[in-house]
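Chain residues, written in single-letter form:
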Amino acid sequence: MDFILNKEPGKAPHLYLPSFGGGKARAIFTTRCGGVSQGPYTSLNLGFHTGDSPEAVTTNRHLLARSLGIKEERFFTLSQVHGDRVVVIDTERDLMMKKGTAADGVITSLKNTAVAICCADCQAIYLYDPVKEVISVAHAGWRGNVARIALNCLQEMTRVYGSRPQDCCAALSPAAGDCCYEVGDQVYTAVRDAFPGSWQNLMVHKDHGKWHLSLSRANALVLMDAGVMKENIFVSNLCTICRQDLFFSYRGSAGVTGRMAAILIQ
Ligand SMILES: [Zn+2]
């Protein structure tokens, strides 16, 4: 089973994982449908700094919050920089003060708090520890993957809240799939260097001589190396480049496009 599309009338259509963490955590992935943005940002663009009208993005964020039944002040987003830094939201004050921090991962034990990552082809990683009741999301395109941001999230969950990776469940969002995600020498070399024993399982050599990267297999490997059990890792099979009817794709639109949001709430 993959993420399921919620198409209730009057709501922005969004994907969700029905039983993530035994149903105690809500893992949501938005689509490009149901918003007010125009042109290449049609229509539920949630990313500022994309070239879209800020008013449209603000309206889209209102629409989404209403659709999910979450107050907008309970949303937490970062200024993502394709790095490996992880922010801890430990208090209500942190929730206000740390919004927009330059980082690519966030962890929190706060309830009714929607931690969110914006993406279009990059993969979002959801982590939930049902024992310590901690959630985390991270932004992991190839740079975040080779920097092992998922490991950093788990290490912070352990350091701050005492989480054990073997208790955690993980989900990997829709992203550029190895069907479509051709990579050049820079990415090929980075992946080979980061995973010397296993890079052959992460990239596919296509007939035309090019390599295609599987972000899902690469991010799952980082999670398993960090101690998350394979049976606790859910992987979406949806490719954002194949499914531009449903998703924004950075690669599929030569960089001019909107962003979806991966959202986790407990
Ligand atoms: Zn594809």
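Nothing here was measured: the structure is a model prediction, and the numbers come from that model.

Here the focus is the nonpolar core. If you look at the biggest cluster of nonpolar residues, it comprises 80 residues, and the most contacted ones within it are Ala116, Ile125, Tyr126, Val137 and Ala262. With residues near it in sequence (within four places) discarded, Ala262 still touches Phe29, Ala116, Ile117, Cys119, Ala124, Tyr126, Val137 and Ser173.

Glancing now at the environment of Tyr161. In this structure, Tyr161 sits in helix 4 (residues 149-161). Residue classification places Tyr161 among the partly exposed positions, given that 17 C-beta atoms sit within 10 Å. If sequence neighbours within four positions are ignored, Tyr161 has contacts with Ser109, Lys132 and Val134.

Of all 7 residues that make up strand 9 (residues 134-140), 7 are buried, and the element is covered over most of its length. With 4 bridges connecting them, strand 6 (residues 105-108) and strand 9 associate as antiparallel partners. Counterpart to Gly105 in the pairing with strand 9 is Ala138. As paired elements, strand 8 (residues 123-129) and strand 9 share 7 bridges and run antiparallel to each other.

This paragraph deals with the sheet that holds strand 2 (residues 14-17). In spatial order, the strands read 1-2-3-15-7-4; together these 6 strands make up an open sheet with mixed pairing. Among the strands making up the open sheet, the edge pair consists of strand 1 (4-6) and strand 4 (75-76). One ladder, built from 4 bridges, connects strand 2 with strand 3 (residues 26-30); its direction is antiparallel. Of the residues in strand 3, the one forming a bridge with Leu15 is Phe29.

Taken together, the 6 strands give an open sheet; going across it, the order is 5-6-9-8-10-14, and neighbouring strands pair in mixed fashion. Each edge of the open sheet is held by one strand with a lone partner, namely strand 5 (86-89) and strand 14 (233-235). Direction aside, neighbouring strands of the sheet carry axes that sit 15° apart on average. Of the strands in this sheet, strand 5, strand 6, strand 8 and strand 9 touch helix 4, which is tilted by about 155° from strand 9.

Attention now moves to helix 4. In an α-helix, one turn spans 3.6 residues, which is why side chains three or four residues apart end up on the same side. The end-to-end C-alpha distance of helix 4, which contains 13 residues, comes to 18 Å, matching closely the 18 Å that a straight helix rising 1.5 Å per residue would cover. Considered for burial, the residues of helix 4 that qualify are Ile149, Ala150, Asn152, Cys153, Leu154, Glu156 and Met157. Elements that come into contact with the buried residues of helix 4 comprise strand 5, strand 6, strand 8, strand 9, helix 3 (142-146) and helix 6 (215-225). Where helix 4 terminates, the next one or two residues include Gly162, which has phi positive at roughly 80°.

Side-chain positions along a regular strand alternate between the two faces of the sheet. Counting buried positions over the 6 residues of strand 7 (residues 114-119) gives 6, a clear majority of the element. Across 2 bridges, strand 4 lies against strand 7 in parallel orientation. Within the sheet, the bridge partner assigned to Phe75 lies in strand 7 and is Ala114. Examined bridge by bridge, strand 7 and strand 15 (residues 260-265) share 5 bridges and lie antiparallel to one another. If you follow Ile117 over to strand 15, its bridge partner there is Ala262.

Cut-offs applied
Residues numbered from 1 in each chain as written. Predicted model: local features only at pLDDT ≥ 70, side-chain atom pairs only at ≥ 80, totals over all residues. Core = buried A, V, L, I, M, F, W, Y, C linked by C-beta atoms within 7 Å. Buried ≥ 20, exposed ≤ 12 C-beta atoms within 10 Å, placed from the backbone. Contact = placed C-beta atoms within 7 Å. Helix = DSSP H or I, 4+ residues; strand = E, 2+ residues; numbered from the N terminus. Pairing = 2+ DSSP bridges. Axes fitted to C-alpha atoms, helices over the stretch in contact; angles between N-to-C directions. Expected span 1.5 Å × (residues − 1).

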